[in-house]
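Residue-level structure breakdown
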Amino acid sequence: MSTINKVIIVGYLGKDPEVKHFDNGNLKANFPVATSETFISKDKQKITNTDWHNIIVWNKLAEIVEKYLHKGKLVYLEGKIKNRSWNDSDGNKKYITEIVADTITMLGKRNDNYTVNNDEDILSSNQTNKNNNEITDDDLPF
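Rules and cut-offs
- Residues numbered from 1 in each chain as written.
- Predicted model: local features only at pLDDT ≥ 70, side-chain atom pairs only at ≥ 80, totals over all residues.
- Heavy atoms only, no water.
- Helix = DSSP H or I, 4+ residues; strand = E, 2+ residues; numbered from the N terminus.
- Buried < 20%, exposed > 50% of the residue type's maximum accessible area, 1.4 Å probe, protein only.
- Contact = heavy atoms within 4.5 Å.
- Pairing = 2+ DSSP bridges.
- pLDDT = per-residue confidence, 0-100.
- Salt bridge = Lys/Arg side-chain N within 4 Å of Asp/Glu carboxyl O.

Turning next to the overall build of the protein chain. Along the backbone of the protein chain there are 1 helix and 8 strands. Across the protein chain, helices and strands are ordered from the amino to the carboxyl terminus as β-β-β-β-α-β-β-β-β. With 142 residues in all, the protein chain has 31% of them scored as buried. Nonlocal contacts in the protein chain, meaning residues at least 24 apart in sequence, comprise 52% of its contacts between residues at least 6 apart.

Quick look at the pairing of strand β4 (residues 46–58) now. Within a regular beta strand, the side chains point alternately toward one face of the sheet and then the other, so they alternate between its two faces. Relative to β4, strand β3 (residues 27–40) is paired through 13 bridges, and the arrangement is antiparallel. When the bridges of β4 are listed, Thr38 appears paired with Thr48. In sequence, β3 turns back onto β4 through a hairpin of 5 residues, with Lys44 there showing a positive phi of about 65°. Sheet topology places β4 next to strand β6 (residues 93–106); 3 bridges connect them, and they run parallel. Counted as the bridge partner of Asn54 is Glu98 from β6.

The next thing to look at is unusual backbone geometry. A positive phi angle, near 65°, is found at Lys44, a position not held by glycine. With respect to the element layout, Lys44 can be found in the loop between β3 and β4. Not every positive phi belongs to a glycine, and Asn59 is a case in point at roughly 50°. Locating Asn59 in the fold gives a position in helix α1 (residues 59–68). We classify Asn59 as partly exposed; its relative accessible area is 31%.

For the rest of this paragraph, the subject is the confidence of the model for the protein chain. Residues shown with low pLDDT carry predicted positions that ought not to be read at fine detail. Averaged over all residues, the pLDDT of the protein chain is 83; the fraction at 70 or higher stands at 76%. Across residues 120–137, confidence stays below pLDDT 50; counting only partners more than four residues off in sequence or on other chains, it has 33 contacts.

This model, assessed by the stated rule, comprises 5 salt bridges. As a salt-bridge pair, Arg84 and Glu98 come within 2.9 Å of each other at their nearest N and O atoms. In this pair, Arg84 is assigned in strand β5 (residues 74–87) and Glu98 in strand β6, connecting sequence segments 14 residues apart. With a relative accessible area of 8%, Glu98 lands in the buried category. With a shortest N-O distance of 3.9 Å, Lys94 and Asp88 are connected by a salt bridge. What makes Lys94 partly exposed here is its relative accessible area of 36%. According to the relative accessible area criterion, Asp88 is partly exposed, its value standing at 22%.

Structure representation (structure tokens):
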């Protein structure tokens, strides 16, 4: 039987994406996304728990993220969980859990919703240019 590694996150960017350009032409962007849940405790106190997720995107998706995402932006993303480790300069073993996203939808006002897929070269949207059904820079609200 096969297995599945799939994660869906809806949250807010904690800071602007950091983009790294490699000599071979590849791009990598990373940024934190916060998700929160709120509940009322037994003593009637409002409690909010926030989790931070390390997000990684590559190439075309990294290029689009660099251009359109910024701190505070609400996003929906899909991807897979990756764990990795390395030794720091003192020889201590370090671990990190990251989400490698392959689809990101920028959320906001109704006409601000754009979906970006790592396998595609264009943005897909609920707002299209009426003349040729393509999105132009003039159509983007940000």
